[in-house]
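A look at the structure
For reference, the chains in residue letters:
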There are 2 protein chains.
Amino acid sequence: MTADTAGMASQAVQGKKQVSNAFDFHKGMASLSDDERALIERRKRILGTMGPLFYDRPVHIVRGQAAHLFDASGNDYLDCYNNVACVGHANPRVREAVNDQLGLQDTHSRYVQDEILDYGERILSYFPTAMDRVNFTNSGSESNDLALRMARVFTGHQGVVVTTNAYHGITSLVSSVSPSFGTGVPLAPFLATVEIADVLTGDLPESQVNDILQQRFACAFQKLHDGGFGVSAVLLDQIFSSDGILPGAPGWVNHIAQAVHRVGGILIADEVQSGFARTGEAFWGFQRHHADADIATIGKPMANGIPTGAVIYKHQIGEAFASCTRYFNTFGGNPVSMRAAEAVLDEIEDRHLLAHAQQIGEQLDAQLHQLLGGTSRFRGMRHAGLFLGIDIGSSDSASSDPQATRAIINRLRDMFILISSSGPDGSTLKLRPPLVFSSADVDRFMQACSTLVDEGYFG
Amino acid sequence: MTADTAGMASQAVQGKKQVSNAFDFHKGMASLSDDERALIERRKRILGTMGPLFYDRPVHIVRGQAAHLFDASGNDYLDCYNNVACVGHANPRVREAVNDQLGLQDTHSRYVQDEILDYGERILSYFPTAMDRVNFTNSGSESNDLALRMARVFTGHQGVVVTTNAYHGITSLVSSVSPSFGTGVPLAPFLATVEIADVLTGDLPESQVNDILQQRFACAFQKLHDGGFGVSAVLLDQIFSSDGILPGAPGWVNHIAQAVHRVGGILIADEVQSGFARTGEAFWGFQRHHADADIATIGKPMANGIPTGAVIYKHQIGEAFASCTRYFNTFGGNPVSMRAAEAVLDEIEDRHLLAHAQQIGEQLDAQLHQLLGGTSRFRGMRHAGLFLGIDIGSSDSASSDPQATRAIINRLRDMFILISSSGPDGSTLKLRPPLVFSSADVDRFMQACSTLVDEGYFG
């Protein structure tokens with residue numbers, strides 16, 4: 001079979017699950033202007049349609065500053081979505097650090113280099129003493145992939161437990177433990193999933209939440225034992241972004257950490273979403289839960305957009321892995337990425353962005369509750385720091401309503417406000433702005449929401 | 001089991017295969033100076049020992065320029081090894097492009113952006129018309145991982161064929177099709193391997209080489225069919241770097257491409273090593289072989305060190321994949337990486353680095369043949385462009401000699417010349433300098449080699 005003759009008949013289209021808020025490459029073209037359509041057609045000719053675009057009318061970005069993005073016409077988009085540019089778009093300090101290092105050198109870790117050691121030492125200082133080693137990668141996906149490999153070698157087991165709508169990345173292995181892709185991506189045979197959203201979005205008392213979740217994870221462990229896989233790792237996004245943004249009352253994750261340790265596995269804290277001060281309450285999501293994590297994986301905001309990731313781990317795990325094989329990542333820990341990452345930490349510290357995330361998050365939460373709490377489509381809201389989820393329902397709020405959610409997102413986009421959605425059916429509005437989001441930005445966002453309320457978007 | 005109590009007894013140390021030319025973290029410490037030892041101890045405390053270091057006395061790099069690297073004492077190391085910094089260390093054009101873009105924005109491909117489209121269009125112009133789509137990643141590993149996922153979906157098969165000492169990267173999937181890691185990394189059950197080094201380093205006539213290799217690949221296909229896996233892809237590094245650097249007479253790879261098409265699979269050309277003008281004869285290694293590749297994967301030199309990779313493919317393959325799932329890579333195709341990659345192409349074009357690689361490669365090959373051809377440890381030599389392999393043998397050259405190879409590499413390192421080794425037992429000297437390697441650089445390298453000949457390192 002050559003690429004030219006092979007049929008696609010065997011590929012089940014119904015298995016595909018599109019990302020929330022995706023542009024429809026087939027039906028979406030008709031409603032675009034000629035210029036917009038020409039641009040998307042060009043993109044399709046070059047990139048195909050494997051990669052999603054956002055919004056019914058995709059946004060064409062040319063520059064940015066702080067929490068604002070601009071298109072070629074100079075329209076000022078308020079960025080309430082992007083966590084990668086955590087210290088602001090076009091951050092001058094990151095730019096200067098990168099420019100300085102590019103004037104020096106940018107080779108790899110098979111030579112001794114100060115940049116990787118200085119940053120490595122510094123990032124470890126943000127972790128508990130027991131998590132005392134770091135290896136660098138280029139993305140959260142590479143980090144989670146490596147973490148799972150390390151867990152397998154260390155525990156001698158293969159089984160992995162995740163949440164029912166988890167997303168952990170795009171390598172073959174981590175996509176096979178990411179049920180949020182839908183049935184188009186086969187799940188690993190050694191995977192067990194646990195539903196948490198129903199419990200964490202309800203009104204149950206904390207002790208009951210803990211009991212239920214512990215029982216469910218125990219069932220998952222049993223399933224993996226029965227399947228002959230054993231339990232290698234529980235892998236948990238510490239804000240449960242794709243499950244609908246579920247910070248929950250701090251603490252329940254540590255009960256799961258203790259439980260997985262008892263069955264011979266480890267806890268991998270996926271901090272790609274929840275890390276770097278995002279939750280306001282602690283620098284890492286697992287610390288917010290006081291959880292005894294064995295490995296943490298980081299990525300996205302780490303270097304404000306320069307591809308960088310890392311795996312932080314207890315040294316015993318790394319020693320087990322090193323006794324079997326090596327891990328050399330060509331770009332991992334390269335001096336340019338390290339300098340950019342260092343500048344991000346400088347900005348977070350000097351601008352007190354942890355406290356800022358906490359404060360602005362509270363501000364947004366309070367004002368949104370006040371504005372939306374009484375609307376008929378409002379079903380609930382959760383937040384930790386600058387990560388907020390608002391559940392949107394049918395006009396009587398009896399059931400979730402992805403279409404109404406999508407309408408809100410696209411109406412905001414037309415008002416130059418960028419947000420997106422999350423959750424199993426995409427019915428949770430997702431707010432996750434750069435950490436430098438200001439009070440003035442809050443005001444602008446709230447004014448836009450107020451307009452949408454007046455226009456009836458919230459029922 | 002917690003990280004603190006788990007035993008490592010089950011981990012078989014004998015399975016570990018160290019990278020060629022690796023520093024020995026255990027035995028190597030004794031021969032270092034106090035300062036060197038303190039530096040390595042610091043590195044071990046931060047990074048552990050999962051990641052390898054080069055040389056018996058590791059090199060501490062602080063800056064670079066063109067094909068030269070410098071340590072803190074100002075020693076000028078001639079870089080005969082690094083392909084990533086293909087247009088030279090601290091390249092001003094790459095630096096300027098990155099600095100310019102960091103002043104604008106660095107978000108992701110869910111917005112329309114000119115940078116990814118401009119570079120995407122340009123990189124596709126370097127490929128045959130049928131390879132008409134590109135998706136971006138952050139590394140060669142991510143590229144190969146995605147390529148194998150795409151091959152599976154497109155063909156409906158799972159089996160993969162690689163060479164016996166192949167290296168294709170470090171994700172779980174691609175490391176499981178990389179036998180060069182040794183038995184410490186379990187190979188995938190759906191993998192078949194083909195030995196090529198014996199045939200391509202011998203004196204057989206080209207037609208016989210083709211016949212033997214076609215028979216061997218046919219056996220591999222049969223094995224995968226018998227195992228119930230079918231044939232998804234033949235995945236071949238187009239210079240066979242880890243197998244000992246085996247350019248071979250151009251053409252044989254296309255016979256394999258035709259054969260894999262006949263059994264329903266595709267050819268993935270791993271261009272992470274052989275791409276971007278490296279072989280001097282063609283921009284991509286598979287073009288040198290006139291091979292009908294279905295997918296090409298690129299990485300390392302693409303953006304001179306800024307993490308960037310890509311998968312280039314026939315659109316039918318991407319459409320099959322897109323009908324099942326999406327592929328969004330947060331950093332993949334980010335504007336900063338794209339601008340750096342664009343600057344690399346500008347440099348390759350404007351400085352005629354394809355022809356330069358050809359010319360300097362010929363120069364090195366001729367002079368090395370003249371100097372080493374008559375020495376008793378010389379067993380053979382191969383090259384394409386600026387990728388050269390020299391086989392080092394025992395004093396009568398009857399068998400390969402990794403120790404003698406290692407001695408040469410470390411002696412050169414003490415003379416501030418950086419090379420490394422390759423091949424199944426690390427007995428092939430590997431020369432793979434930045435493409436900007438000059439005639440003056442050749443002279444300095446040859447003088448050092450001449451000294452080593454006088455000192456008896458080549459017998």
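Here the structure is a predicted model, which is why all the values come from computation and not from measurement. (Residues numbered from 1 in each chain as written. Chains lettered and ligands numbered in written order. Predicted model: local features only at pLDDT ≥ 70, side-chain atom pairs only at ≥ 80, totals over all residues. Heavy atoms only, no water.)

**Observations regarding the environment of Asp425(A)**
All names here are of chain A. The test is simple: Per the convention used, a helix needs a DSSP run of H or I reaching at least four residues, while a strand needs a run of E reaching at least two, with both numbered from the N terminus. Exposed residues in this analysis have more than 50% of their type's maximum accessible area, buried residues have under 20%, and partly exposed residues fall in between, with area computed by a 1.4 Å probe over protein chains only. Contacts: residue pairs with any heavy atoms within 4.5 Å of one another. Here a polar contact is recorded for every N or O atom pair within 3.5 Å, except that within protein the pair must consist of a potential hydrogen donor and a potential acceptor, and residues adjacent in sequence are included only if both atoms are side-chain atoms.
Counting through the fold element by element, Asp425 comes out in the loop between β14 (420–422) and β15 (428–431). Exposure remark for Asp425: the relative accessible area of 36% places this residue in the partly exposed category. A C-alpha to C-alpha distance of 38 Å links Asp425 and Arg95, two positions 330 residues apart in sequence. Setting aside chain neighbours within four positions, we find Asp425 in contact with Ser400 and Pro402. In this structure the side chain of Asp425 is engaged in a polar contact, spanning 2.5 Å, whose partner is the side chain of Ser400. Polar side-chain contacts of Asp425 include one of 2.7 Å to the side chain of Ser427.

**What to know about the packing of aromatic side chains**
What counts is decided by this rule: In this scheme Phe, Tyr and Trp rings, the latter by its six-membered ring, pair at centre separations within 6.5 Å, and the angle between planes marks the pair as stacked below 30 degrees, edge-to-face above 60, and tilted otherwise. Charges are assigned to positions over rings by a cutoff of 6 Å between ring centre and Lys NZ or Arg CZ, combined with an angular limit of 35 degrees from the ring normal.
Under the definition given, this model contains 34 aromatic pairs over all chains. When the centroid spacing of 5.8 Å and the interplanar angle of 65 degrees are considered together, the rings of Phe276(A) and Phe283(A) count as edge-to-face. An angle of 80 degrees between the planes, with centres 5.0 Å apart, marks the rings of Phe283(B) and Trp284(B) as edge-to-face. A connected cluster of aromatic rings, assembled from ring pairs, spans Tyr126(A), Phe127(A), Phe276(A), Phe283(A), Trp284(A) and Phe286(A). Looking at Arg63(B), its charged tip hangs above the ring of Phe70(B), at a distance of 4.1 Å from the centre. When the ring centre of Tyr81(B) is taken as origin, the NZ or CZ atom of Arg432(B), which lies over that ring, is 4.3 Å away.

**A look at the domain arrangement of chain A**
All names here are of chain A. The test is simple: Start and end positions for the domains come from either an automated domain assignment or a database one. Summed over both partners, the accessible surface that disappears when two parts come together, traced with a 1.4 Å probe, is what is meant by buried area. Salt bridge, as used here, is a side-chain nitrogen of Lys or Arg placed within 4 Å of a carboxyl oxygen of Asp or Glu.
Per the domain assignment, the segments of chain A are domain 1 (13–40 + 48–87 + 353–454) and domain 2 (92–350). For domain 1 versus domain 2, the separation of C-alpha centres amounts to 26 Å. Facing 29 residues of domain 1, the contacting portion of domain 2 comprises 35 residues. At the boundary of domain 1 with domain 2, total buried surface from both sides reaches about 2,400 Å², with 59% on carbon and sulfur atoms. At the junction of domain 1 with domain 2, the criterion picks out zero salt bridges. At the boundary of domain 1 with domain 2, the tally comes to 12 residue pairs in polar contact (both at pLDDT 80 or more). Contributions of two or more residues to the side of domain 1 that touches domain 2 are made by α12 (353–372), β11 (378–384), β12 (387–392) and β15.

**Structural notes on the interface of chain A and chain B**
If you look at the interface, chain A gives 127 residues, while chain B gives 128 residues. With both sides pooled, the region where chain A packs onto chain B buries about 11,100 Å², and carbon together with sulfur makes up 57% of that total. Where chain A packs against chain B, one counts four salt bridges. Between the two partners, chain A and chain B, sit 40 residue pairs in polar contact (both at pLDDT 80 or more). Per-element accounting of the side of chain A that touches chain B gives the leading share, 10 residues, to helix α4 (residues 140–155) of chain A.

**A short note on the relation of the copies chain A and chain B**
The criterion, for reference: Superposition of the copies used a least-squares fit over C-alpha atoms from residues whose pLDDT is at least 70 in both.
Note on the identical chains: chain A maps onto chain B by a rotation of 180 degrees and an axial translation of 0.0 Å, with an RMSD of 0.0 Å. Taken together, the rotation angle and the small translation identify this as a two-fold axis. With an isologous cut-off of 70% or more, the 100% of interface residues of chain A that recur at the interface of chain B puts this contact in the isologous class.

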